[in-house]
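Close look at the chain arrangement
Each chain, letter by letter, is given below.
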Amino acid sequence: MSKARKQRQLFPSIRFWSQCNRLFWRYWPQILIFSVLLNFLVGILVTAMRRLTSWLLVKFDVAYLSYTNITTVAFQKPWLVFILLLLLAVILALVYWQFTIFILFVNDLSQDQRPHFRQLLRRAGRKFKLLNFKTFLFLTLFFILMLPVLSSFFSTPLLGKVVIPDFIMAFIDVHLWYPWIIAGLYLISLWLGLRYLYVLPLMVLYDESVTSARHHSWELTRKNNWRNFRKGAVGLIFAGALFGILNSLLFWLQTAFDLTDFAFIGANLTMLLTALVTLLFGSYTTMVLLLLMQSPLPRPLPPTYQPHHPHFWRYLTGLVCGLYLLTFGLFNYGYLKNLTSTQPLLISHRGVDAGNGVQNTIPALTKTAAKKPDYIEMDVQETKDGQYVCFHDPTLRVLAGRRERPQDLTLAQLQKITVKENGHQAKIPSFDDYLAQATRLDQKLLIEYKVSRQDSPTAVKNFIKRYQNRIRENQGQVQSLDYQAIATVKTESSQTFSAYIMPYNFAFPNTEMNAYAMEVTTLNSDFVDQAHEHQQLVYSWDVNDSSTLNRMMFFNVDGIITDRLTTMRQHLHDNQKQPQYASLMSNYRDIVNLVWND
């Protein structure tokens, strides 16, 4: 491709970015305030729906809601499922409503009008007349298709749970074809999302029906997909570079503060500015998306506003900025104090620390126990002869190179098998031997009972009856990903500390468990707060880096399950004894985004 042709292709993208830049920096106070107000309002609605969902589980006497029991709940509690589907419909309608308001707002600003928040709410409400059943079905598909685009530009509490958990991503990474399949689906979704890019603006600004808007968008984007992609990419790249430079300057400023006696005061100041830069970046990328979605058709003129007060935006800017300074000033103080004082339980995942042995084996237990974790998490399964063995995977393939399942072999057969991992090897231990060694080492265990379809009907009941006294002597705890299994443990031994493992945060459960172990991706502060209101603990898994650890500490979780015990302990120690506030700033930006979207 010639240099001249490359320039011709790039210039429209540069012009688009320049247009975004001019509009944003001309109206940045209004855009920031508008984004804060709208997200605050949406956040209230999302919190109310979360609490309503939890209340519904109590009223319908459903202990939990997960992919493992949704079919059973649908047959046994059809009215609950019907109400939950209505709530889902409400969430999708709110996403449409939020986009409608943003589209109207940016259209008005681009034509030098300064709309009032209440007037935008009324105008967006009138657009709901286009929401019939057919429109709703298409919008559902549209938001699914647009997720690859939306996730890069736009954040909202309404889409906060539309994420793939880390443990699923880890599973995908180790299977050769899955990443290619996911990448292919992502590209198809991106292409279709770009083809339907103008659907919402055509419906909102031109009052087109969904059928007309769909066909119209398809025609308008013909041969323009790559051009629109370049525009969005250039906008994101320039925005990332600009705000990256600002964040780097703040980082070096805090590095200088850390060398003085005013490090804590300086951290509050630089983090206040970092929060402002983060919110500006979120508002900027949202506006880039909305300008990208503006169709090439002549835009309809917005209504002329006659404000009740000529200095409305000036006063509102002062008020919101004042509240911003106060809120984030108090938040920063609490954040820094919390990071330097909170001490969650440290739990070693599968009994190893940074690959110091083979998971769930006695040599690894002995090494890791010497580092004094609060608990060592390990796994138990039933064997063919009704005994119990320490093993995590459903088959022996990964660790032993064999196809059998633990349930296919007797305990004696399993104990003769050598498992290899991380350059180490060891024999598979029985649970009796593992528990005895842990008790000798004065090491408390967090025992995960893993359920298999090949288990005997009374496997869990037999386990807890046989070991409950020894587990209590060890001051150990029992958890399971299978709710029926952990409920059996609680029923058979009410004094045994029991935790339900949750891979996804659909709704806060209605159980008598002592604790919940939640995967970090969808865990949020609202879930932890509700657990603490019910005098229940929350453990998060897997926490293996400082950013995730700081996020979990911000949520005030009670324990972290980690593969990197020594590293996480050192990070906690540094936060408490030798805090380097500059090193916390990158993590702080993640926390601000959580406050913004949660």
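This structure is a prediction, so every number in the text was calculated from the model and none was measured.

1. Remarks on the pairing of strand S4 (residues 418–421)
Relative to strand S5 (residues 424–427), S4 is paired through four bridges, and the arrangement is antiparallel. The residue bridging valine 419 from the neighbouring strand is alanine 426, located in S5. Here S4 folds back onto S5 in antiparallel fashion, the turn holding two residues, of which asparagine 422 has a positive phi close to 55°.

2. Section: the pairing of strand S11 (residues 559–562)
Going residue by residue along S11, you find Gly559 and Ile561 tucked away on one face and Ile560 and Thr562 tucked away on the opposite face as well. The sheet contact formed by strand S1 (residues 345–348) and S11 spans four bridges and is parallel. Paired with serine 348 across the bridge in S11 is threonine 562. Running through helix H20 (residues 546–555), the crossover from strand S10 (residues 537–541) to the neighbouring parallel element S11 is right-handed.

3. So, the pattern of salt bridges
According to the stated counting rule, one finds nine salt bridges in the structure shown. As a salt-bridge pair, arginine 402 and glutamate 404 come within 3.0 Å of each other at their nearest N and O atoms. When its relative accessible area of 24% is taken as the criterion, glutamate 404 is described as partly exposed. Across the pair arginine 405 and aspartate 408 runs a salt bridge, and its minimum N-O distance is 3.2 Å. Connected through shared salt-bridge partners, Arg51, Asp526 and Glu533 make up one network.

4. Comments concerning the packing of helix H10 (residues 225–257) against helix H11 (residues 263–292)
Look at H10 against H11: their axes get within 10 Å of each other, and the N-to-C directions meet at 175°. Judged on the interaxial angle alone, H11 and H10 are roughly antiparallel. Tallied by class, the residues present in the contact of H10 with H11 amount to 16 nonpolar, 10 polar and one charged.

5. Looking at the side chain of threonine 100
Here threonine 100 shows up in helix H3 (residues 78–110). From its side chain, threonine 100 meets the backbone oxygen of tyrosine 96 in a polar contact 2.7 Å long. Ignoring anything within four residues of it in the chain, the contact list for threonine 100 reads Ala124, Lys127 and Val204.

6. Notes on the side chain of glutamate 382
By the element assignment, glutamate 382 lies in strand S2 (residues 375–382). We note that glutamate 382 is buried and unpaired, the nearest opposite charge coming from arginine 466 at a distance of 7.1 Å. A polar contact is formed between the side chain of glutamate 382 and the side chain of serine 456, at a distance of 2.7 Å. If near-sequence neighbours (up to four positions away) are discounted, glutamate 382 is found in contact with Gln387, Tyr388, Pro406, Gln407, Tyr449, Asp455, Ser456 and Ala459.

Cut-off values and rules
- Along every chain, residues carry numbers that run from 1 in the direction the sequence is written.
- In keeping with the predicted nature of the model, local features appear solely for residues at pLDDT of at least 70, side-chain atom pairs appear and are counted solely at 80 or more, and the whole-chain, interface and lining totals rest on all residues.
- The side-chain values count all of the structure's non-hydrogen atoms but skip hydrogen atoms and water molecules.
- A strand pair is defined by DSSP finding two or more bridges across the two strands.
- Secondary structure is summarised from DSSP: a helix means a run of H or I of at least four residues, a strand means a run of E of at least two, and numbering begins at the N terminus for each.
- Working definition: with a 1.4 Å probe on protein chains only, accessible area under 20% of the residue-type maximum means buried, over 50% means exposed, and in between means partly exposed.
- For crossovers, right-handed means that the path from the first strand over the helix to the second runs clockwise, given strands pointing away from the viewer.
- For this document, the term salt bridge refers to a Lys or Arg side-chain nitrogen within 4 Å of an Asp or Glu carboxyl oxygen.
- For every element, the axis is a line fit to its C-alpha atoms; helices are fit only across the contacting stretch, and the angle between N-to-C directions ranges from 0 to 180 degrees.
- Note on angle classes: values under 35 degrees are labelled roughly parallel, values over 145 roughly antiparallel, values of 65 to 115 roughly perpendicular, and the remainder oblique.
- Charged residues are taken to be Asp, Glu, Lys and Arg, nonpolar residues to be Ala, Val, Leu, Ile, Met, Phe, Trp, Tyr, Cys and Pro, and polar residues to be all remaining types, Gly included.
- For this analysis, a polar contact is any N or O atom pair within 3.5 Å, provided that within protein one partner can donate a hydrogen and the other can accept it, and provided that sequence-adjacent residues contribute only side-chain to side-chain pairs.
- Only heavy atoms matter for contacts: two residues are in contact if any of them lie within 4.5 Å across the pair.
- All tallies of charge rest on Lys and Arg as positive and Asp and Glu as negative; His and the ends of each chain are not included.

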